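# Structural overview for review
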Amino acid sequence: MSSSSTETGIDVVMPQMGVSVSEGTIVEWRKQVGDWVAYEEPLVDISTDKIDTEVPSPAAGRLVEILVEVGTTVDVGTVLARLATDAKPGEPHASESDAVGGTVAPPATSDAAAATGDSPAPATPDPAPKPEVAAGSAGAADTRRYSPVVSRIAAEHGVDLAQVGGTGRGGRVRKQDVLAFLQDGAEEKPEPPMHIESPYRPDPPKPKAATVAPAISTGAYDPPAAEPLSRMRRSIGEHMKRSLDTAATCTSWIEVDMSGVERERRKAGLTALAFVARAAIDALREFPLLNAWLDGDQVTVHHEVNLGIAVSLGEDGLIVPVIHGAQDLSPEGLGKRVRDLARAARAKTLTPDDVQGGTFTITNPGQYGTLMATPVINQPQVAILDLEAVVKRPVVITDAAGDDAIAIRPMCVFGLSWDHRALDGVLAAQFLAAVRDRLEAL
């Protein structure tokens, strides 16, 4: 959980949950105003387009103020609550005692407090709609909390969320659960609109004309209705454009004979990515200037390799979870961490720490058959390695006697996009050659 210090406590702020995530929604406060909170104790549940997670407290203290109500969506960096770090456990306060002069006012918006009697109910009812019950659900009978995305989909399709089984943490209903519920009833209900992830609503359908002449006979063309980009696509686009506007981006490529990698990965039951990651980490230790951040004119060279691995979320975009301390892992350990993080990313169970602090990134579009790309640098990093498809083709090889021959080899093109403000082409080429030599030596 991100935080900022004050004289008597800490401001708890909305954390950055990935480079393309610019905002999050409060799903549930685990604590009430006046409650004592231990360090790293779950404090609040938040939801973004990519992650649903419980966020721990950044310090021990007493929760003195909640600034963002459940169901509210705010930008990264927004102050969510305040903790008094000079308080002590066991001190009397309004939500724990009815005594006059308590140090903390009772919460005005906490449903849990009103239900349990831990603090007085607000004098007037809160006119704001509660997120616990989505439109079309079974009213007070269903007290589960839903993210705004889930509630919006349910409202658009008239889904009773009480009838939807949840696969999220604690049985929480996730977006995928609602979509699966809709798919199961697709024969009886119309298909969900393509823009269900968008915060905007579709325009009402245009009335159909009585007769429509075939386009082939009239030359008429009725273009499909335009729809806005989803919030996630806009955020990714803004981050990538900002990177291109900021960095002096160049891309270098090198070919690698993957014969040894293919042999070893089959033995170990791993993908090529695990061995490429290990080779890249070793090359970063040799050329540490690529394992760095550039912020303005300040360069920070990192001793540890916190390796970001780009994970596709399909139509939801992409996210870059981070393997912290990757220099200490074997190919087997790296392969396991990649699988675990990819599963967590697609299940939206990554934690804030899982998507922060990356020092170098690998992207792997080659698994879908592409041969060459120019990846965009993940700011504030200075380089990103692109792993393309492994393709068998004829190449010239030279034997120990110096004689040339043509042979079939599994070849792969590696691309390195690098920031010319921090690096030069020679260093980029040396790094790529070091990665190649390590892989071809397997």
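## So, the overall build of the chain
Summing up its helical and strand segments, the chain has nine helices and 20 strands in all. Going through the 442 residues of the chain one by one, you find that 44% of them count as buried. Considering only contacts in the chain between residues 6 or more positions apart, those separated by 24 or more positions represent 61%. Total accessible area computed for the chain in this model is approximately 22600 Å², and 55% of it derives from carbon and sulfur atoms.

## Quick notes on the packing of helix H7 (residues 272–286) against helix H9 (residues 425–440)
At a minimum axis separation of 9 Å, H7 and H9 run at an interaxial angle of 130°. When the axes of H7 and H9 are compared, the pair comes out oblique. For the pair H7 and H9, the crossing hand works out as right-handed. Residues Phe275, Val276, Ala279, Ala280, Asp282, Ala283, Leu284 and Glu286 of H7 touch H9, and the partners they reach there are Phe431, Ala434, Val435, Arg438 and Leu439.

## Here's the deal with a nonpolar patch on the surface
Judged by side-chain polarity, Trp253, Leu371, Met372 and Val391 come together as a nonpolar surface patch covering roughly 380 Å² of accessible area. Tracing the sequence through the fold places leucine 371 in the loop between strand E17 (360–363) and strand E18 (383–387).

## Observations regarding helix H5 (residues 231–246)
If you check H5, its first and last C-alpha atoms are 22 Å apart, about what 16 residues at 1.5 Å a residue would give, namely 22 Å. Looking only at H5, the buried set comprises Met232, Ser235, Ile236, His239 and Ser243. Angular distribution of buried residues about the axis of H5 spans 100°; they occupy a single face of the element. Buried residues belonging to H5 abut strand E15 (318–319).

## Structural notes on the nonpolar core
Soluble globular proteins tend to pack their nonpolar side chains together in the buried interior. Leu307, Phe414, Leu416, Phe431 and Leu439 are the most contacted members of the largest nonpolar core, which totals 75 residues. Other than its neighbours up to four places away in sequence, leucine 307 contacts Ala277, Ile281, Pro321, Val322, Ile323, Ala326, Phe360 and Ile362. In this structure, Tyr146, Val150, Leu161 and Val178 belong to the second largest nonpolar core, which totals ten residues.

## What to know about the packing of H7 against helix H8 (residues 331–346)
Running from N to C, H7 and H8 cross one another at 115°; their axes reach a closest spacing of 8 Å. Both H7 and H8 take part in a crossing whose hand is right-handed. Contact with H7, carried on its side by Leu273, Ala274, Phe275, Ala277, Arg278 and Ile281, involves Pro331, Leu334, Gly335 and Val338 of H8 and no other residues of that element. In terms of residue class, the contact of H7 with H8 is built from eight nonpolar, one polar and one charged.

## Quick notes on the environment of glycine 61
Counting through the fold element by element, glycine 61 comes out in strand E7 (residues 61–66). We classify glycine 61 as buried; its relative accessible area is 0%. Through-space distance from the C-alpha of glycine 61 to that of alanine 84 is 5.2 Å; in sequence the pair is 23 residues apart.

## Quick notes on unusual backbone geometry
Between glutamine 379 and the following residue, proline 380, the backbone shows a cis peptide bond with an omega angle of 5°. On the secondary structure map, proline 380 appears in the loop between E17 and E18. Backbone geometry places glutamate 40, a non-glycine residue, at a positive phi of 65°. Note on placement: glutamate 40 falls in the loop between strand E4 (36–37) and strand E5 (42–47). The backbone phi angle of lysine 348 is positive, close to 60°, even though this residue is not glycine. Inspection of the secondary structure puts lysine 348 in the loop between H8 and E17. Lysine 348 sits in the buried class, given a relative accessible area of 10%.

## Side note on the side chain of aspartate 11
Residue placement: aspartate 11 occurs in strand E2 (residues 9–13). Accessibility expressed as a relative area gives 10% for aspartate 11, which makes it buried. Among the polar contacts listed, one links the side chain of aspartate 11 to the side chain of arginine 82, at a separation of 3.0 Å.

## With respect to the environment of aspartate 257
Inspection of the secondary structure assignment puts aspartate 257 in strand E10 (residues 249–257). Between the alpha carbons of aspartate 257 and valine 391 there is a distance of 9.8 Å; along the sequence they are 134 residues apart. Discounting residues that sit within four places of it in the chain, aspartate 257 has contacts with Arg409, Pro410, Met411 and Glu440. A polar side-chain atom of aspartate 257 sits 2.6 Å from a polar atom in the side chain of serine 259.

## As for the sheet that holds strand E6 (residues 52–56)
Working definition: the strands of a sheet are paired by backbone hydrogen bonds and lie parallel or antiparallel to each other. An order of E6-E5-E3-E8 is seen for the four strands of this open sheet, with the pairing classed as antiparallel. Each edge of the open sheet is held by one strand with a lone partner, namely E6 and strand E8 (73–75). Taking each pair of neighbouring strands and ignoring which way they run, the sheet shows an average axis angle of 40°. Pairing of strand E3 (residues 23–29) with E8, which is carried by three bridges, proceeds in the antiparallel orientation. By the bridge assignment, glutamate 23 is partnered in E8 with aspartate 75.

Thresholds, definitions, all that
Residues numbered from 1 in each chain as written. Predicted model: local features only at pLDDT ≥ 70, side-chain atom pairs only at ≥ 80, totals over all residues. Heavy atoms only, no water. Helix = DSSP H or I, 4+ residues; strand = E, 2+ residues; numbered from the N terminus. Buried < 20%, exposed > 50% of the residue type's maximum accessible area, 1.4 Å probe, protein only. Contact = heavy atoms within 4.5 Å. Areas by Shrake-Rupley, 256 points an atom, 1.4 Å probe, with all protein chains shown as cover. Axes fitted to C-alpha atoms, helices over the stretch in contact; angles between N-to-C directions. Parallel < 35°, antiparallel > 145°, perpendicular 65-115°, else oblique. Left-handed = near helix turned anticlockwise from the far one by under 90°. Patch = residues over 30% accessible without salt bridge, like charges linked within 9 Å, V, L, I, M, F, W, Y side chains within 5 Å. Salt bridge = Lys/Arg side-chain N within 4 Å of Asp/Glu carboxyl O. Expected span 1.5 Å × (residues − 1). Arc of directions from axis to C-beta. Core = buried A, V, L, I, M, F, W, Y, C linked by side-chain atoms within 4.5 Å. Nonpolar A, V, L, I, M, F, W, Y, C, P; charged D, E, K, R; others polar. Polar contact = N/O pair within 3.5 Å; in protein donor to acceptor, adjacent residues only side chain to side chain. Pairing = 2+ DSSP bridges.

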